[in-house]
Amino acid sequence: MNKKRRTKQEINLITLIERYHNEDKCRAYLEELRFPNGVACPRCGSTSISRVQKPRVFDCNSCRYQFSVTSGTIFHDSHLPLWKWFATVYLMVEAKKGVSANQISRTIAVSYKTAWYLCHRVRNAMTVDNPQPLSKIVEVDETWVGGKRKNVGHGYKGNKVIAAGAVQRDGEVRLEKVGSRDRETLHGFIHKHTAPDTEAIYTDDWPPYKGIADHDTRHETVNHSADEWVRGDVHTNTIENVFSLFKRSVVGSYHKVSRKHLDAYLDELEWRFNNRENPYLFRDTLLKLIRSENLPYQQLVAD
Ligand SMILES: [Zn+2]
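Conventions used here
Residues numbered from 1 in each chain as written. Predicted model: local features only at pLDDT ≥ 70, side-chain atom pairs only at ≥ 80, totals over all residues. Heavy atoms only, no water. Helix = DSSP H or I, 4+ residues; strand = E, 2+ residues; numbered from the N terminus. Buried < 20%, exposed > 50% of the residue type's maximum accessible area, 1.4 Å probe, protein only. Contact = heavy atoms within 4.5 Å. Lys, Arg positive; Asp, Glu negative; His and termini not counted. Charge placed at Lys NZ, Arg CZ, Asp CG, Glu CD. Donors = N, O, S within 2.8 Å, 3.2 Å for Na, K, Ca; no water. Tetrahedral: all angles 85-135°; square planar, octahedral: opposite > 155°, others 65-115°. Phe/Tyr/Trp six-rings, centres within 6.5 Å; stacked < 30°, edge-to-face > 60°. Lys NZ or Arg CZ within 6 Å of the ring centre and 35° of its normal. Pairing = 2+ DSSP bridges. Axes fitted to C-alpha atoms, helices over the stretch in contact; angles between N-to-C directions. pLDDT = per-residue confidence, 0-100. Left-handed = near helix turned anticlockwise from the far one by under 90°.

Caption draft 1: The overall build of the protein, seen in detail. Counting its regular elements, the protein contains 10 helices and eight strands. The C-alpha extent of the protein, read off along each of the three principal axes, is 75 × 50 × 35 Å. Going through the 303 residues of the protein one by one, you find that 47% of them count as buried. Within the protein, contacts between residues at least 6 apart in sequence are counted, and of these 60% link residues at least 24 apart. Here the protein carries 46 positive and 37 negative side-chain charges, and the mean point of each set is 8 Å from the other.

Caption draft 2: Highlighting the coordination of the zinc ion. All of the protein donors around the zinc ion are Cys41 (SG), Cys44 (SG), Cys60 (SG) and Cys63 (SG); their distances to the metal are 2.3 Å. One can describe the donor arrangement at the zinc ion as tetrahedral, given that its four donor atoms subtend angles of 102 to 116 degrees at the metal. Of note, the zinc ion draws all its donor residues from one chain, in the sequence arrangement C-x2-C-x15-C-x2-C. On the basis of relative accessibility, which here comes to 3%, the residue Cys41 falls in the buried class.

Caption draft 3: A look at the packing of aromatic side chains. In total, this model carries 10 aromatic pairs according to the counting rule given. Pairing Tyr20 with Tyr29 gives two aromatic rings, centres 5.0 Å apart and planes at 35 degrees, and the pair type is tilted. According to the relative accessible area criterion, Tyr20 is buried, its value standing at 8%. For Tyr29, a relative accessible area of 11% translates into the label buried. The interplanar angle of 70 degrees and the centroid separation of 6.0 Å between the aromatic rings of Phe86 and Phe282 together place this pair among those described as edge-to-face. Placement of the pair is Phe86 in helix α3 (residues 82-94) and Phe282 in helix α9 (residues 281-291), with a sequence separation of 196 residues. Each residue in the set Tyr20, Tyr29, Phe86 and Phe282 is aromatic and connected to the rest through ring pairs, giving one cluster. Across the ring face of Phe273, the terminal group of Arg276 is positioned such that the distance to the ring centre comes to 4.0 Å.

Caption draft 4: Fine view of the sheet that holds strand β7 (residues 200-204). What the five strands build is an open sheet, ordered β6-β5-β4-β7-β8; its pairing is mixed. Edge positions in the open sheet fall to β6 (173-178) and β8 (218-222), since each of these has one partner strand only. The sheet shows a mean angle of 20 degrees between the axes of neighbouring strands, taken without regard to direction. One ladder, built from five bridges, connects β7 with β8; its direction is parallel. Looking at β8, one finds that Thr203 is bridged to Thr221. Here helix α6 (residues 183-193) sits on the sheet and contacts β4 (137-145), β5 (161-168), β6 and β7; the angle it forms with β6, its principal contact strand, is near 145 degrees. Each of β4, β5 and β6 touches helix α8 (residues 259-274); the most contacted strand, β6, lies at about 175 degrees to it.

Caption draft 5: Spotlight on the confidence of the model for the protein. Averaged over the protein, the pLDDT score is 88; the fraction of residues at 70 or greater is 91%. The spread of mean pLDDT over the elements of the protein runs between helix α10 (residues 297-301), the lowest at 84, and α6, the highest at 97.

Caption draft 6: Structural view of the packing of α3 against helix α5 (residues 112-125). Closest axis-to-axis distance for the α3/α5 pair is 10 Å, and the angle between their directions is 65 degrees. The interaxial crossing formed by α3 with α5 has right-handed handedness. When α3 is examined against α5, the residues Lys84, Trp85, Thr88, Val89 and Met92 are found in contact with a partner set consisting of Leu118, Cys119, Arg121, Val122 and Arg123.

Caption draft 7: Just unusual backbone geometry, in detail. Positive phi values are uncommon outside glycine, yet Arg64 reaches one of about 65 degrees. Overall, the relative accessible area of 48% leaves Arg64 in the partly exposed class. Phi at Ala109 is positive, roughly 55 degrees, even though this residue is not glycine. With respect to the element layout, Ala109 can be found in the loop between α4 (101-108) and α5. Residue class for Ala109 comes out exposed when judged on its relative accessible area of 59%.

In structure tokens form, the structure reads like this:
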């Protein structure tokens, strides 16, 4: 994907176990992340807090609210020990091709259903805050993903969905489920994710991309149908590699990705890709989880 070696995470499996092998250690770390300037009451904001004798319960001296570091967070309603959350976050940020609910289920000894729900809640937190428009040189492509079906021909697309992707050279990627590969959809996708003065858009020769150029944005294409893949620095290899990574993770880890959850899986890949040089991805994902809304199970399984 990128020629540079992937940045090493500041945590590995050994340090994960050393640092976070029990509830108390996990709680202490969450406390550091949630209250970097000292514990504050989630109800009234007061920083005059007493610690109750019970393990890590706080008592607000102003409003007498008793709370813990997980109160009001996604961790609170879960009956899972925190170390299982921590291990899952670690495995999900570390696995370049994603990790399946099945594997999480075996690794942390929970039921498949619990693992599936857990992965979705972590995935739900893996979204970029305030994504900025891409600029300079941007590669754009779109692809069919998901839904293999038995006994139908190779060209069968009924069970598949389309993902569009844009990546700035040496920069971030944006991935999104789209309804069609037509001009309106693809132009809309490009306008949504790129700055108006983007220097150049590189695509293949799929006709709907035509007309995306304007006075300050070039449009260059490589003619895949004539077997042309690279011309000078014009190519779409970066975005194609992102898609092939995604497809390998669908085949290898997620097995199947329903239309409904496709966006969530794309967000997860986007999160990892855009943080590929961030050695603190484990910590930053935990931070996102602390601040994320809960994702009710019923909402996930509803049609
Ligand atoms: Zn209070």
